[in-house]
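Observations on the three-dimensional arrangement
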Amino acid sequence: MKILFLDQTGQIGGAELSLLDLLKPFRADCLVALFKDGPFKDLLEQHQVSVQILSNRSLSVSKDSSFLQGLSSSFQLLPLIAQTAQLSRRFDLIYANTQKALVIGAMASYLSRRPLIYHLRDIISPDHFSATNRSLIINLANRFASLVIANSQASQAAFVAAGGHQEITKVVYNGFQPELYQYSSANRSELRQQLGLDTQFVVGHFSRISPWKGQHVLIEALQYCSEDVTAILVGDALFGEDQYVNQLHQRINELKLGNRVQTLGFRSDVAELMSASDLIAHTSTSPEPFGRIIVEAMLCRRPVIAAAAGGVVEIVKHGKTGWLSPPEDSRKLAELIMSCRNHPEQSARIANQAQVEVSQRFHIDTIRQQVRYLLQQVLHCKESGQHIPYRLAE
Ligand code: UDP
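Owing to the predicted nature of the structure, the values given are computational and were not obtained by experimental measurement.

A short note on the nonpolar core
- In terms of nonpolar packing, the biggest core is built from 35 residues, with L102, L116, Y118 and V148 touching the most fellow members.
- Those elements that place two or more of their residues in this core are strand 1 (3–7), strand 2 (30–34), helix 4 (77–88), strand 4 (93–96), helix 5 (99–112), strand 5 (116–120), helix 6 (131–144) and strand 6 (145–150).
- Top contributing element to this core by residue count: helix 5, with six residues.
- Aside from chain neighbours lying at most four places away, what touches Y118 is A96, T98, Q99, L102, I137, A141, A145, L147, V148 and I149.
- V202, M274, F290 and V316 belong to the second largest nonpolar core, which has 33 residues in total.

This is the structure we're talking about:
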């Protein structure tokens, strides 16, 4: 099966890491076309995936801006659409991994008559998208996509609530390779020593730095925790959230938490750092479409406290495989952190249960099989002359 994958960014976010995991079995016959250069290109090449940068100019479309603003400079889009349509003629399918990829992919699919798959990795709601962008995404997906793969029931429900056709959607969770998340206690002690965190209770936060990822909720929670509770913030501001970074540092200073918070920037050794932590906190203030870091923490056998909204509640069973905390409630988060710190045996039991459960439920092999089966169905529908949107068999 020859697939042209499209992604709008050169940065490495959850959508890109999920795509990399998913596409490996197809890599002999696939191409990833990126609309921007960046470290994701290098990462794909390290994994022997063919990559092409389609444009070095950034598209002037942001999640919260009006897409019409973007269209007003549509000269940016036309060459990209033409290039993508031309490329896609060499492939069986166009696979759009992000919303701007959907925009370009939809037009290219129309021109080249190749079926379009949209991997929906966002919650299409006012929290994340302007009304114009919501309407654009929904209309393009309804009109041009043969299949919308939603990364959680929450993403699927938001898509349908915004007017998306339920019958073209299927939920497929992100997949993971459990063996990549196993670290010895020797590794753990060494890394803790390097970070100067030998005796502290370390709460890890792993996410790009952005207001809705809620790093501030963890900072606020620390003031209600005992002095030995320390946080490491892993991740970078990928999309120009420098003001938020400054606010975080200001708040850390105001609360005199400078010696209890370390900011480590973007790291590629997330699994090692998770293993070196005592607990992982997920603090998104808006519903998270999926929340890769939660599954990764569970695979590392670390206890997790996660913000109870969106796809997260499909992953964490409160009190059984982790804990759910109301979004933006730093006092409740502090209470749960202290409970976890004070009951290490109970926390270890829950972390073990979580590791067993997610190793099976989100295993990459199962997820790849599900996606391959869906893509085969789309191609089968096309070959048998069914009109789009293809109705997928249950
Ligand atoms: N991540 C990383 N290095 C960092 C911070 C995060 O590799 O410094 C990875 C993390 O391991 C996870 C992904 O980025 O796989 C974030 O995915 P998630 O679904 O949690 O959030 P998203 O970025 O999709 O909003």
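Section: the environment of A158
- Here A158 shows up in helix 7 (residues 153–161).
- For A158, a relative accessible area of 13% corresponds to the buried category.
- Distance from A158 to Q11, taken between C-alpha atoms, is 25 Å for residues 147 residues apart in sequence.
- When near neighbours in sequence (up to four residues on either side) are disregarded, A158 contacts I123 and I124.

Details of the environment of I367
- Here I367 is to be found in helix 16 (residues 364–383).
- Judged by relative accessible area, I367 falls into the buried class, the value being 4%.
- Put simply, I367 and Y173 are 194 residues apart on the chain and 7.0 Å apart in space, counted from C-alpha to C-alpha.

Section: the sheet that holds strand 6
- On the basis of which strands lie adjacent, the open sheet formed by seven strands has the order 3-2-1-4-5-6-7 and parallel pairing. Where the open sheet ends on each side, the last strands, each with one partner, are strand 3 (51–53) and strand 7 (169–171). Across the sheet, the axes of successive neighbouring strands diverge by a mean angle of 20°, strand direction being ignored.
- Two elements, strand 4 and strand 5, share three bridges in a ladder whose sense is parallel. For A96, the partnering residue across the bridge sits in strand 5 and is Y118.

A few points about the UniProt feature "domain: Glycosyl transferase family" (unreviewed entry) in the protein chain
- When the UniProt feature table is mapped onto this chain, "domain: Glycosyl transferase family" (unreviewed entry) is found at residues 188–355.
- Regarding residues 188–355, the helix share stands at 43% and the strand share at 16%, and the terminal C-alpha atoms are separated by 17 Å.

The rules behind these values
Residues numbered from 1 in each chain as written. Predicted model: local features only at pLDDT ≥ 70, side-chain atom pairs only at ≥ 80, totals over all residues. Heavy atoms only, no water. Core = buried A, V, L, I, M, F, W, Y, C linked by side-chain atoms within 4.5 Å. Buried < 20%, exposed > 50% of the residue type's maximum accessible area, 1.4 Å probe, protein only. Helix = DSSP H or I, 4+ residues; strand = E, 2+ residues; numbered from the N terminus. Contact = heavy atoms within 4.5 Å. Pairing = 2+ DSSP bridges. Axes fitted to C-alpha atoms, helices over the stretch in contact; angles between N-to-C directions. UniProt positions renumbered as here; feature names shortened; annotations may be inferred.

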